[in-house]
Amino acid sequence: PIRVDEIYNTTAAKAGWEHLGRAHGIDLSSGVLHAKTHPRRFDVKFVSDKTKKRICELALLDYCCLNLPLPAECSGLFCKLTVTNATNPY
């Protein structure tokens, strides 16, 4: 098994998989990879601001841990690390 711990934009999924294949010495040109040329999309105008904010709250830990910039819809949310001392939790 090969550990995959890299992130790629799904709009370039085929290129991302090809890059992984090359990096690990695996030839994907035999037709193993069948990526969609046009990713599925939906019209975000039907997603309410409240729902967008909730999605941001749910994904905030991922954004923070991976040091990714927060989307504009996440304004007002921040990454913050609080360290407490076990002997003095205050």
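See the structure above.
Every value quoted in this text rests on a predicted model; they were computed, and no experiment measured them. (Residues numbered from 1 in each chain as written. Predicted model: local features only at pLDDT ≥ 70, side-chain atom pairs only at ≥ 80, totals over all residues. Heavy atoms only, no water.)

**Some remarks on the layout of surface pockets**
Spelled out, the test is: Site definitions follow a grid-based scheme: protein atoms alone, a 1 Å grid, a 1.4 Å probe that fits but cannot get out for cavities, and for pockets an open set with protein on both sides within 12 Å along at least five of seven lines, plus lining residues having an atom within 4 Å of a point. Grid points are joined across faces, edges and corners, and a volume is the space filled by probe spheres set on the points. Residues are sorted three ways: Asp, Glu, Lys and Arg are charged, Ala, Val, Leu, Ile, Met, Phe, Trp, Tyr, Cys and Pro are nonpolar, and all the rest, Gly among them, are polar.
Approximately 290 Å³ is the volume attributed to the largest pocket. As for the largest pocket, its lining consists of Phe42, Val44, Val47, Lys52, Ile55, Cys56, Ala59, Tyr63, Pro71, Glu73 and Cys74. When its residues are assigned to classes, the lining of the largest pocket shows 9 nonpolar, no polar and 2 charged.

**Side note on the environment of Cys64**
As a reminder of what qualifies: A run of DSSP states H or I qualifies as a helix once it reaches four residues; a run of E qualifies as a strand once it reaches two. Both are numbered from the N-terminal end.
With respect to the helices, strands and loops of the structure, Cys64 is situated in helix 2 (residues 49-65). Taking the C-alpha atoms as reference points, Cys64 and Lys80, 16 residues apart in sequence, are found 8.3 Å from one another.

**Description of unusual backbone geometry**
You will see that Asn67, though not glycine, has its phi angle at about 55°, which is positive. Tracing the backbone through its elements, the reader meets Asn67 in the segment after helix 2.

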